[in-house]
Amino acid sequence: MYFEDNRNDTLQKKFGILGKSAGVQSMLETIEQVAPTDISVLIAGESGSGKELVALALHKHSRRAHKPFIIVNCGAIPAGIIESELFGHKKGAFTGAQSDRKGYFQSADGGTIFLDEIGETPLETQVKLLRVLEQGEFLPVGSSNMMKVDVRIVAASNRNLEKEVDTGTFRKDLFYRLKAITLVVPNLRDRKEDIPVLAKKFANDCAIRNQIIFKGFSEGAFQIMSHHRWPGNIRELKNFIESLVILEKGGVIKTDIVYRYLNAESSPTEYNPLLPVKLDRNVEQAERELILQQLFMLRREISEMKEIIVKGLQVRPTGDDSPEEYSPALEVLPNDGVQDISDDESSPILNPQMMGTLTAAQVEKELILRSLQRFNFNKRKTAQALQMAERTLYRKIKEYGIAKED
Ligand SMILES: Nc1ncnc2c1ncn2[C@@H]1O[C@H](COP(=O)(O)OP(=O)(O)OP(=O)(O)O)[C@@H](O)[C@H]1O
Ligand SMILES: [Mg+2]
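Quantities reported herein were computed from a predicted structural model and do not represent experimental measurements.

Enquirer: Sorry, what's going on with the packing of helix α9 (residues 195–210) against helix α11 (residues 233–247) here?
Expert: Helices that pack against each other are described as a pair by the angle of their axes relative to one another and the distance between those axes. For the pair α9 and α11, interaxial distance at closest approach is 9 Å and the crossing angle is 50 degrees. Relative to α11, α9 is oriented oblique. The handedness of the crossing between α9 and α11 is right-handed. Mapping the contact onto sequence places I195, L198, A199, F202, A203, C206, A207 and N210 in α9 and I234, L237, K238, I241, E242, V245 and I246 in α11. Split into classes, the residues belonging to the contact of α9 with α11 amount to 12 nonpolar, 1 polar and 2 charged.

Enquirer: I tried to follow the environment of K254 on my own but got confused; where do I start?
Expert: Looking at the element boundaries, K254 is found in the loop between α11 and α12 (255–264). The class of K254 is partly exposed, set by 16 C-beta atoms lying within 10 Å. In this structure, the C-alpha to C-alpha distance between K254 and F222, residues 32 residues apart in sequence, is 8.7 Å. The residues touching K254, leaving out its near neighbours within four places in the chain, are S218, G220 and A221.

Enquirer: Just checking my understanding: could you explain the sheet that holds strand β7 (residues 182–184) for this structure?
Expert: Consider a sheet: its strands pair through backbone hydrogen bonds, and that pairing is either parallel or antiparallel. Taken together, 5 strands build an open sheet; the order of strands is β2-β3-β6-β1-β7 and the sheet is parallel. Two strands bound the open sheet, and with one partner strand each, they are β2 (69–73) and β7. Mean inter-strand twist for the sheet, computed between neighbouring axes without regard to direction, equals 20 degrees. Note that strand β3 (residues 112–116) and strand β6 (residues 152–157) share 4 bridges and pair parallel. Each residue of the ladder has a partner; that of F114, found in β6, is V154.

Enquirer: How should I be thinking about the pairing of β6 in this particular structure?
Expert: Along any regular strand the residues' side chains alternate between the sheet's two faces. The buried fraction of β6 is high, at 6 of 6 residues. Covered by surrounding structure in β6 are R152, V154 and A156 together with I153, A155 and S157, the residues of both alternating faces. As paired elements, strand β1 (residues 41–44) and β6 share 4 bridges and run parallel to each other. Looking across to β6, one finds that L42 is bridged to A155.

Enquirer: I'm lost on helix α6 (residues 123–135) in this one. Help?
Expert: One turn of the α-helix equals 3.6 residues, which is why residues spaced by three or four share an orientation. Given a rise of 1.5 Å per residue, 13 residues ought to cover 18 Å, and the 19 Å separating the end C-alpha atoms of α6 matches this to within 8%. Those residues of α6 lying buried are T125, K128, L129 and V132. The arc that holds every buried residue of α6, seen down its axis, measures 105 degrees, which confines them to one face. Set apart from the buried face of α6 by more than 90 degrees, the exposed residues are L123, E124, V127, E134 and Q135. The secondary structure elements touched by the buried residues of α6 are α4 (82–87), α5 (104–107), β4 (137–138) and α8 (172–178). Of the residues trailing α6, G136 is marked for its positive phi of about 70 degrees.

Enquirer: I keep staring at the site of ligand 1 and nothing clicks. Help me out?
Expert: Taken together, 16 residues surround ligand 1, and among them L18, G50, K51, E52 and I234 come closest. Residue assignment for the shell around ligand 1 shows that the elements contributing at least two residues are α3 (51–60) and α11. Looking at side-chain class alone, the shell around ligand 1 contains 5 nonpolar, 7 polar and 4 charged residues. Counting only domains with at least three residues in the shell around ligand 1, you end up with domain 1 (2–186) and domain 2 (189–265).

Enquirer: Could you clarify how one ought to interpret unusual backbone geometry in this entry?
Expert: The phi torsion of most residues other than glycine is negative, and most of the peptide bonds are trans. Notably, Q211 is not glycine yet its phi reads approximately 50 degrees, a positive angle. The topology assignment puts Q211 in the loop between α9 and α10 (219–226). Residue W230 is not a glycine yet carries a positive backbone phi of 50 degrees. You can see W230 is positioned in the loop between α10 and α11.

Enquirer: Is there a simple way to think about the packing of helix α16 (residues 379–386) against helix α17 (residues 390–400) in this case?
Expert: Viewed as axis vectors pointing N to C, α16 and α17 meet at an angle of 105 degrees, and their least axial separation amounts to 9 Å. Regarding the angle of α16 to α17, the classification is roughly perpendicular. Each of K379, R380, T382, A383 and L386 in α16 lies in contact with α17, whose residues at this interface are E390, L393 and Y394. Among the residues making up the contact of α16 with α17, the classes are represented as 4 nonpolar, 1 polar and 3 charged.

Conventions we followed
Residues numbered from 1 in each chain as written. Chains lettered and ligands numbered in written order. Predicted model: local features only at pLDDT ≥ 70, side-chain atom pairs only at ≥ 80, totals over all residues. Axes fitted to C-alpha atoms, helices over the stretch in contact; angles between N-to-C directions. Helix = DSSP H or I, 4+ residues; strand = E, 2+ residues; numbered from the N terminus. Parallel < 35°, antiparallel > 145°, perpendicular 65-115°, else oblique. Left-handed = near helix turned anticlockwise from the far one by under 90°. Contact = placed C-beta atoms within 7 Å. Nonpolar A, V, L, I, M, F, W, Y, C, P; charged D, E, K, R; others polar. Buried ≥ 20, exposed ≤ 12 C-beta atoms within 10 Å, placed from the backbone. Pairing = 2+ DSSP bridges. Expected span 1.5 Å × (residues − 1). Arc of directions from axis to C-beta. Near = placed C-beta within 6 Å. Domains from an automatic or database assignment.

As structure tokens, this is what we get:
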């Protein structure tokens, strides 16, 4: 036992990955085995669970450590340019290609490329990725000369790629090639025993960085934390601890403080008090409920949009029309404190004078903006709620020129 603890401590320090839970221990052992090799690795885990940290550990403990580590977020690159971004292009390959351009694979030569959200890559590009994995070669866009590179591929996904293969959105051959070495990063809620060590580390780091005195946590504080679901995993815990340390500077962080902050945080129940997600739900049930909540919210927003359009296009005889007149959804759903957008005169789209000129695009822009605001500009969650590919969301944000301050 003592030997095992020692070994676990050594591996945690070596890779900068904390945790004593069985899931983390077995992950650390696999990292130790595969890091020094050139084998490609697939990292599976929920958002914020530590996939990038694992990818970096693999790179840092390989012979490639002093060569580039290139991170590519496949979900954020528009489908039309992903091949040119990954493999580069020749001058004149397409309109706007004014000179030859190096792709990420060339930039990573000798090092490691981290293909984050690989499940988001278009099927055509997946064929090319398989070729790089198998032969280490690719064709830059518009070129007829194969290019060879020495790059180790580490990929990650927070989606279930096996399901994507079943639905035909991920290539089977690429999946089997990648999955030979799969590192599963456990969810925080499945390794609650790791919360104290992580919380202490984040709190101490934050205190040192901000020159704040931090006196520690009470035992009860950890107990409260262990009852939270942590849908944002370690990233959520880290942000939570940092805000506690900063806002409560100087004192011991006790049960009541943690309880107060966790309840004040964006808990799932915040969105619709009629549909609380209880702590005793299993992950699948809770997720289903969360999706349901979001659908309710979006349905109401769509009704509100419709209401604005109807109002805008109507010639109103008097000014005494109430919102309820136009929105059947408002009769069945309670007001949960969401601002009534028909009151908002600051937004040009919603300005009553302009309502008659609303276009479908403007309605869509507004819907996207409101969903982004609801999810704190988290693109992945927004895309999921709108049932839209993340890439499409990025494109629309660009197209409509949506900015955080809108
Ligand atoms: N085991 C761990 N020990 C210490 N810090 C960790 C651990 N796992 C994750 N972190 C920290 O948590 C944060 C989130 O981790 P990371 O960015 O690697 O997650 P991710 O799985 O890539 O998230 P996403 O899916 O959103 O891209 C980072 O600040 C990272 O350093
Ligand atoms: Mg990541």
